[in-house]
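Spelled out, the chains give:
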Amino acid sequence: MNTPQTVTETIIDCDPVIVIEQLADQSAHQGYYGLQDASLILAEAVRELQLSQEADLVPMVSDWSDLVARFQFDPRSTAKEILRYLRRPELKIPMEDDEFDMLEQQLISDANDACNAKNANDDPDRHLIGQHIVIIEQLADQAADENLYGLQDANLLLAEALRSAAESSTITDIDFPVIFAEWAEITASYRTTPSISAAAIINFLRYPGLKIPMDDEEFSMLQEQLTTELSADELISARDHSLDLEPLISQDSQTIGNDLPGPVSRVALELVDLLLLQTEQVRSHLQHIVIDDKESLLTGLQQASDALERFANAAKTAGFEGLGQIGVHINVNMQRFTEHLDSFTSAHLELLLEWLGQVQEYLPVFNESSAGQLIVAGLTDEQWALPLAFEELAAILLQIRSESSAISDHSEVVRVTFATDDDVSIALPEDVNQELLELLLQEMPVYTRQFSEAMQHLQSGGNAKDVEVAQRVAHTLKGSANTVGIKGIAVLTHHLEDILSACANEQKLPGRALANSLITAADCLENMSEALCASSPPPNDAKNVLQDILDWANRIDQEGLADSQDKEIPADIQSGVNNKVETDDKPETVQSSMVRVPTEQIESLFRLSGESIILNSQAQETVRLMKNQLRTMQLQFELLHQLGAELEQLIDLKDFSGRTLGAVGSGLDALEMDQYNELHTASRRMAEAAIDAREISLDLNKELEKMHEVLDAQQRSVIDAQEVVMQTRLVSIATIAPRLQRSFRQTCRMTGKHSELTLMGENIMIDGDTLNALIDPMMHLLRNAIDHGIESEEERLAQGKSNNGKVVFEFDREGNYILVRCRDDGRGLDYAAIRAAAEKKGMLQPGQDISEDELKRYILQPNFSSRSFSTHTSGRGVGMDVVRAQIVNMGGTLTLDSVQGGGMTIELRVPLPLSMTYALLTHVGAYQVAIANKSIHQIIHSGEGQVVVQDDKEVLLLEGNSYPAARLINLLHVDDHRSRYPGPYAAALLVKNDDQTTAVLIDAITDSQEVVIKSLGYYMGKIPGYIGATILGDGTVTPVLDISELLRAPIRAVAHVYAEPLAIVESVSLLPTILVVDDSLSQRRSLEQLLMDAGYRVLLARDGIEAAEILAHANPDIVLTDLEMPRMNGIELAAHIRTQQKYKRLPILMITSRTTQKHRQMAETAGVDLYFSKPVRDEELLMKMQDLLNLAVIKTCEVA
Amino acid sequence: MHPDDFKAFQDTGTADQSDLITTKVEAIFGIRTGSMGFLVPTTSYCEVLDKIQVNMLPNVHHWVSGMLNLRGNLVPVFDLRVVLEEAVVDNKKRRLFAIDRGDKAVALWIDGLPEITDRASLQPLQKLPVLPELLQHFVIGGYQLNGQVWLDVKLSDLFKALGHHQYSMEEV
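Residues numbered from 1 in each chain as written. Chains lettered and ligands numbered in written order. Predicted model: local features only at pLDDT ≥ 70, side-chain atom pairs only at ≥ 80, totals over all residues. Heavy atoms only, no water.

1. Concerning the overall build of chain B
Short version of the rule: Counting from the N terminus, the helices are the DSSP runs of H or I reaching at least four residues and the strands are the DSSP runs of E reaching at least two. Exposure categories follow from relative accessible area, calculated using a 1.4 Å probe and restricted to protein chains: below 20% of the type maximum is buried, above 50% is exposed, and the middle band is partly exposed. Contact between two residues is taken to exist if any of their heavy atoms lie within 4.5 Å; hydrogens are not considered.
Summing up its helical and strand segments, chain B has five helices and 11 strands in all. A buried classification covers 47% of the 172 residues belonging to chain B. The long-range fraction of contacts in chain B, counting pairs at least 24 apart against all pairs at least 6 apart in sequence, stands at 54%.

Rendered as structure tokens:
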């Protein structure tokens, strides 16, 4: 097969289509049919492009040949690149997404086939397998010594299965080296993450190829044994005794795919691959040089020189010291060439390319004794600006020989120098084990939080225990992530563990700079954890973070900890975060088994439990009515009994009077013998029946009493059930602590201020929806506190304050309210500036007498700012008014307290959602309403107080106090009132609202009862004063009102029976709006959260077409777009935007992975204002975006 | 189908041509409110409610008739006749038509009973009748059949707009 080099040369001379078709043929010959298809598809596309002459095909085809060449070595990752390549919009390949997916499947299938074929060709050394089995049996013995009998059983089962497989013909079905390596990893991690690894062990043993004769039940029992037998106390001790399996793994790796003359470790092979990749970069720069074009020559040589410098450094780091030295020497030559461009000829270029070719030949065979000669040949040539002296050459050659064996035997992982996107990917493997993943998702947030806490302790002092905790957590996370297959977490924690191990070994705490890097990495880990739990987008600065950690780790490897500590203290991180959590005294969180349940299911449970309560209430009501009726019936029975008795008396009297109705002519006197007739009989029977009926009613009453008791018990039970369901909706405020901390640090970095954030009471549990709604206002407060409140370091020192500002977020629960206090020790409110701004806006007359309390209220007015300039963080025209509007919308209040020069405290008071409440039922005109008893201080009945009119306002006079009065009928704007109570009021409710008590006058209280509050449904928005509605015992629906909210919330002003839709500006629409256009969901979500946290309103579009549709009816302040997108790409979108008059000045910012000048120029031509190449730092993006926004405002003002 | 009919679909731009060509019979509910008819997809869960109490709410938009208790679920009741700005009639002579279930259930006052029609039998309107502004935002097509105008409306968006309450900022 052609090497990339020869292909590129061929392309220049030959028809690119023919070259690609040749590549297709070669692929088919090698059995890569997917690759053949891909090449043929590309050939077709290139043929079309040739006809339209739209693109420069040479580099395009050259890239393709590189990909084809790489596919053989690394098929899986190259398959994705191939697909990305074919999806390039400029190729215009007419294929649908599912067709691309099929092609990718084919490519992966080719890769698997190739891998299987390779494995099948290997001839496993039976002796080696025997050794492995012996080692597994030793592992079993060791497990038994540690009383880990489950692990012992697992090892013995595997050993037995492997022995059977080795003895049978199925041996070729099992990839022994891979199995041993995997088993070693899993069992090693068992001692640190028993629950995850237990599942992994069972999963491993269930592999059909092993043919272990156990059924599901037996596997379950073994898993249970594995999970339970390793108690928490044993974890640590077991870790210390774990068998070192590294030699086994490295020994195995030597047998995998190694066709070199001598044994070379897998790590060494990876290093070789990496260096080969870097030589390609140098080559690529050199090949783009046009000798006659000075500019091209200069740029090409400089870029090649930079790339070569990186190559030389990497070579040295990887242990190729000799190669590194030669690289440095060649680089010096290249710099000489750069200085004397006139004398640079094609022969020199040839010389450089030739040397690169030699390096590429040398690297794959570096461990051969004569290999070194390859890279030194020709270096003494006089054509070099600085030929290598013979003595130097000999010395280098000697070094190359001595180091070649050292590198190839390298069994330790040599640290890489550069972080790649793949290294930080948290994508799940295709064959991810869901069970393991679920376990990891449960454990990860706990571990990442522990790691962050340890890092925060270290940053503010800390001790060796924190290092130990962090190291243990990093180790555990690494093991778990490796088991599940999440590379991003595994790689980052691996390097973190190494750094922390170095600290522990040298018994030193990390210095300030290292601690800052570690805390950034902790943030990144938490972000990754949140992203995996799908509660936030993946971190977009992960690559930078890993690079930073790699730099530290490499520096520590080379120079040790002490030397590294004093070097390069990054100046950009100056903030500190301190969670006041008494973690030291707190027992470690015990992990109980958990189940992930969809939110809808919890909602349904909650609704059903509410239903049960309502049905119970209805049953109770029916019982109550039945008892009342029974009581009435009993009275009737009494009456009947009484009447019966009277009737009997009357009949007897008639008998005495001699007018008997029967027994005529018997000859006996009435006194001599009682004489009865039918009337007697009937009256007696009636009296007896009345007595019987009374008895039965008494029995019935007893039964009803019993039923009442049962219903009471049932009510308690369903209320308990509902509370339990409610608990599932509660989350700890601490869950948003990392987000607050990140935003805080980011703002500190952007403002250059030194400050410390303390969170207090963050362990309070509140409703998840309320917490989500609180995030935005809290972010605003945080940014305002740093930007407006905290002074600069110099200013603080001059005022005798500590150089570090302090911001405290305090959470508290008061009754049914959650209190959030944001306190800072900054400059407080500048009353003079507020007065000046108010005077300027005409809200205040110059010199007008006004109290500080009244001045404070101005900053709650919309668009009121005392600042004359905007900043990158909070100067966006967004102020306290927005925070207040958001809080009021939630039915809460905001209060300010400020001491000039001493700081400010802002208190948010937000009601928590209720599920049940005690309510008073009343009528307002034709409406029946239930008034929740919260904030009702006292109920006053008519006659207890007196309503009088003072200053045209009604007040209630009661026991010497006067309370401002408001009528419920007016609060609800019901004006067709037909009161059934002619008096001024039937009852008054004293309601505490903010600092004052108001008397709310109502018609009458018709009933009072416990009611279940239900939501008004998906389509009904928030109605001021409504908490929800309830279904009463008789099935009617009644709104449940919060009187205090009704008193302070904005309500309808139109005097009409029904509300008119009056347009008000939504608070969120006051924020600057950003339209984010990106076809990647994760990128969209990531940008959305970043921008929302920074105080912007965000609109999202998946591609240019969707963005154009949004632009038709929305007016964003800035557009942030990706370049490559389906249907309409970023450049087309920018061009489309610029065709519209109203968007001529709309700032457009492009973020893309394309770095070439060509793309940049295309974007500029299309109208893009700012072009960012990924990765982009969040702070930089926010700053540049704000600059663009400010510029747009200035331009608009100028035009106006 | 007559070629002119096909052209009419293209002119109004209200129907998906591919659907038109491939779909043979597509049943659709038609409900009448005042002078207008509204189309409701048969894929939605629908039911006619009889003798069910509507409980009024104070201080809401006048097209919100109130809430009803539908097997333990609270369901808002909207009056599209009010949205159409037509004279209010006695609701005792009207029926309630509920769309969807659970949290997303909505009830509408309708005149008469719902009809089931084949969408293909509806004649697309070249031009929509004059409609109140609120409704205009959500109408995606208009048809007629035997003199009755049938509006194709983005129902979910319309209900969301009808249920969204806006108030003056004036405080009492």
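Having seen the model, we can carry on.
2. A closer look at the overall build of chain A
The line we're drawing: In this description, accessible areas are obtained by the Shrake-Rupley approach with a 1.4 Å probe, and a residue is regarded as covered only by the protein chains that are shown.
Along chain A, the regular secondary structure elements total 39 helices and 24 strands. A fraction of 71% describes how many contacts in chain A between residues 6 or more apart in sequence connect residues 24 or more apart. When the accessible surface of chain A is split by element, carbon and sulfur atoms take 51% of a total near 57,700 Å².

3. Quick notes on the confidence of the model for chain A
Residue and element names in this part refer to chain A. The condition that has to hold: The quantity known as pLDDT measures the predictor's confidence residue by residue, on a range of 0 to 100.
The predicted model of chain A has a mean per-residue pLDDT of 76, with 79% of residues at 70 or higher. Mean pLDDT in chain A bottoms out at helix 13 (residues 246-255), which sits at 36, and peaks at strand 19 (residues 1037-1041), which reaches 93. Below a pLDDT of 50 lies the segment residues 868-878, which in the model reaches 31 contacts outside its immediate sequence neighbourhood of four places, other chains included.

4. Focus: the packing of helix 28 (residues 768-789) of chain A against helix 32 (residues 880-889) of chain A
Residue and element names in this part refer to chain A. Let me state the cut-off plainly: All axes are obtained by fitting lines to C-alpha atoms, using only the stretch in contact for helices, and the reported angles, taken between N-to-C directions, cover 0 to 180 degrees. Working rule for angles: under 35 degrees goes down as roughly parallel, over 145 as roughly antiparallel, 65 to 115 as roughly perpendicular, anything else as oblique. The sense of a crossing depends on the near helix, which, turned anticlockwise from the far helix by less than a right angle, makes the crossing left-handed and, turned clockwise, makes it right-handed. Residues were grouped as follows: Ala, Val, Leu, Ile, Met, Phe, Trp, Tyr, Cys and Pro as nonpolar; Asp, Glu, Lys and Arg as charged; and all remaining residues, including Gly, as polar.
Viewed as axis vectors pointing N to C, helix 28 and helix 32 meet at an angle of 155°, and their least axial separation amounts to 9 Å. As summarised for this structure, helix 28 and helix 32 are arranged roughly antiparallel, according to the angle between their axes. Of the two elements, helix 28 crosses helix 32, and the hand of that crossing is left-handed. Here helix 28 contributes Leu774, Asp776, Pro777, His780, Leu781 and Asn784 to the contact with helix 32, which in turn contributes Met880, Val882, Val883, Gln886 and Ile887. Taken together, the residues that form the contact of helix 28 with helix 32 break down as seven nonpolar, three polar and one charged.

5. Here we look at unusual backbone geometry
For Lys92 of chain A, which is not glycine, the phi torsion reads 50° and is therefore positive. Checked against the element boundaries, Lys92 of chain A lands in the loop between helix 5 (75-86) and helix 6 (97-121). Non-glycine residue Glu85 of chain B carries a positive phi angle of around 60°. The exposed category is assigned to Glu85 of chain B, whose relative accessible area is 64%.

6. Some points on the nonpolar core
Basically, it comes down to this: We define a nonpolar core as any set of buried Ala, Val, Leu, Ile, Met, Phe, Trp, Tyr and Cys residues linked to one another through side-chain atoms lying within 4.5 Å.
Grouped together as the largest cluster of nonpolar side chains are 69 residues, with contacts concentrated most on Leu968 of chain A together with Phe38, Phe78, Leu135, Leu151 and Phe159 of chain B. Sort the elements by how many residues they give to this core and helix 5 (residues 155-163) of chain B lands first, with four residues. Residues within four places of Leu151 of chain B in sequence aside, it is in contact with Met36, Gly37, Phe38, Leu39, Leu128, Leu131, Leu135, Val139 and Gly141 of chain B. By size, the runner-up hydrophobic cluster in this structure holds 50 residues, among which are Val473, Leu532, Ile549 and Ile556 of chain A.

7. Quick word on the pattern of salt bridges
All names here are of chain A. The test is simple: Note on definitions: salt bridges are taken to be side-chain nitrogens of Lys or Arg within 4 Å of carboxyl oxygens of Asp or Glu.
The final tally for this structure, using the stated rule, is 37 salt bridges over all chains. Residue Arg47 pairs with Glu44 through a salt bridge whose shortest N-O separation is 3.1 Å. Taken as a pair, Arg47 and Glu44 lie in helix 3 (residues 33-52) at a separation of three residues, close to a single helical turn. Using a relative accessible area of 32% as the deciding quantity, one classes Arg47 as partly exposed. Close ionic contact of Arg821 with Glu810 constitutes a salt bridge, the shortest N to O distance being 3.4 Å. One end of the pair, Arg821, is in strand 6 (residues 817-824); the other, Glu810, is in strand 5 (residues 805-814), and 11 residues separate them in sequence. Relative accessible area serves as the criterion here: at 19%, Glu810 is assigned to the buried category. Salt bridges sharing partners connect three or more residues here, namely Glu791, Arg796, Lys801 and Asp825.

8. Focus on the sheet that holds strand 10 (residues 927-932) of chain A
The strands making up a sheet associate through hydrogen bonds between their backbones, and the pairing can be parallel or antiparallel. Residue and element names in this part refer to chain A. Let me state the cut-off plainly: Two strands make a pair as long as DSSP finds a minimum of two bridges between them.
Spatially, 17-9-10-19-18 is the arrangement adopted by the five strands of the open sheet, whose pairing is mixed. One side of each edge strand has no neighbouring strand; the edge strands of this open sheet are strand 17 (1007-1012) and strand 18 (1026-1031). Each strand axis lies, on average, 40° off the axis of its neighbour in the sheet, ignoring direction. Inspection of the sheet shows strand 9 (residues 916-924) paired to strand 17 by six bridges, in the antiparallel sense. If you follow Leu921 over to strand 17, its bridge partner there is Asp1007.

9. A look at helix 36 (residues 1104-1113) of chain A
All names here are of chain A. Which entries qualify depends on this criterion: Side-chain atoms alone can form a polar contact between residues adjacent in sequence; in general such a contact is a pair of N or O atoms within 3.5 Å, and within protein one must be able to donate a hydrogen while the other accepts it.
Gly1104, Glu1106, Ala1107, Ala1108, Ile1110 and Leu1111 are the residues of helix 36 that are buried. Of the surrounding elements, those touching the buried residues of helix 36 are strand 20 (1073-1077), strand 21 (1097-1101) and helix 37 (1130-1138). Capping the start of helix 36, Asp1103 holds a side-chain oxygen 3.1 Å from the backbone nitrogen of Ile1105, two or three residues further along.

10. Some thoughts on the side chain of Ser743 of chain A
Residue and element names in this part refer to chain A. Looking at the secondary structure, you find Ser743 in helix 27 (residues 737-751). On the basis of relative accessibility, which here comes to 7%, the residue Ser743 falls in the buried class. When residues no more than four places from it in sequence are discounted, the contact partners of Ser743 are Met779 and Asp1093.

11. Re a nonpolar patch on the surface
The criterion, for reference: Like-charged residues within 9 Å of one another, or nonpolar side chains (Val, Leu, Ile, Met, Phe, Trp, Tyr) within 5 Å, are grouped into patches, provided each residue has over 30% relative accessible area and no salt bridge.
Taken together, the side chains of Leu647, Leu650, Leu653 and Met686 of chain A define a hydrophobic patch exposed on the protein surface, amounting to about 350 Å² of accessible area. When residues of the nonpolar patch are assigned to their parent elements, the largest contribution, three residues, is made by helix 25 (residues 599-656) of chain A.

12. Looking at the environment of Leu1087 of chain A
Residue and element names in this part refer to chain A. You can see Leu1087 is positioned in helix 35 (residues 1081-1093). Along the backbone, Leu1087 and Leu1120 are 33 residues apart, and their C-alpha atoms lie at a distance of 9.3 Å. With residues up to four places along the chain from it excluded, the contact list for Leu1087 reads Val1076, Leu1120, Ile1151 and Leu1181.

13. Re the packing of aromatic side chains
Pairs of aromatic rings are described using the distance from one ring centre to the other and the angle between the two planes. Let me state the cut-off plainly: Each aromatic pair joins two rings of Phe, Tyr and Trp (for Trp, the six-membered one) with centres within 6.5 Å, and gets the label stacked for planes under 30 degrees apart, edge-to-face for over 60, and tilted for any other angle.
Applying the stated criterion across every chain yields a total of seven aromatic pairs over all chains. Centroid distance Trp64 of chain A to Tyr85 of chain A: 5.1 Å. Interplanar angle 50°. Geometry classified as tilted. Note that Trp64 of chain A is positioned in helix 4 (residues 57-73) and Tyr85 of chain A in helix 5, a separation of 21 residues in sequence. What makes Trp64 of chain A buried here is its relative accessible area of 0%. Owing to a relative accessible area of 4%, Tyr85 of chain A belongs among the buried residues under this scheme. Three or more aromatic residues joined by ring pairs form one cluster here, namely Tyr1018 and Tyr1019 of chain A together with Phe78 and Phe159 of chain B.

14. Some thoughts on the environment of Thr117 of chain B
All names here are of chain B. Mapped onto the fold, Thr117 is located in strand 8 (residues 106-118). Remark: the alpha-carbon pair of Thr117 and Glu26, spanning 91 residues in sequence, is separated by 8.1 Å. Setting aside residues no more than four positions away along its own chain, Thr117 makes contact with Glu26, Ala27, Ile28, Leu122 and Leu145.

15. Things to note about the sheet that holds strand 21 of chain A
Residues and elements named next belong to chain A. Overall, parallel pairing links the five strands, which are arranged 21-20-22-23-24 in an open sheet. Strands with a single pairing partner mark the edges of an open sheet, and in this sheet they are strand 21 and strand 24 (1170-1173). Between one strand axis and the next, the sheet turns through 20° on average, direction left out of account. Bridge count between strand 20 and strand 22 (residues 1118-1121): four bridges; the pairing is parallel. Bridging across to strand 22, Ile1074 finds its partner in Ile1118. Of the strands in this sheet, strand 20 and strand 21 touch helix 36, which is tilted by about 135° from strand 21.

16. Topic: the packing of helix 37 of chain A against helix 38 (residues 1157-1166) of chain A
All names here are of chain A. Where helix 37 meets helix 38, the closest approach of the two axes is 8 Å, and the angle between their N-to-C directions is 20°. Of the possible angle classes, the one that applies to helix 37 and helix 38 is roughly parallel. Both helix 37 and helix 38 take part in a crossing whose hand is left-handed. Facing Ile1131, Ala1134, Ala1135 and Arg1138 of helix 37, the residues of helix 38 in contact are His1159, Met1162, Ala1163 and Ala1166.

17. What to know about a negative patch on the surface
Selection criterion: Positive charges come from Lys and Arg alone, negative charges from Asp and Glu alone, with His and the N- and C-terminal ends not counted. Throughout, a charge is located at the NZ atom of Lys, the CZ atom of Arg, the CG atom of Asp or the CD atom of Glu.
Together, Glu688, Asp692, Glu695 and Asp699 of chain A line one region of the surface with negative charge. Along the chain, the position of Asp699 of chain A falls in helix 26 (residues 678-728).

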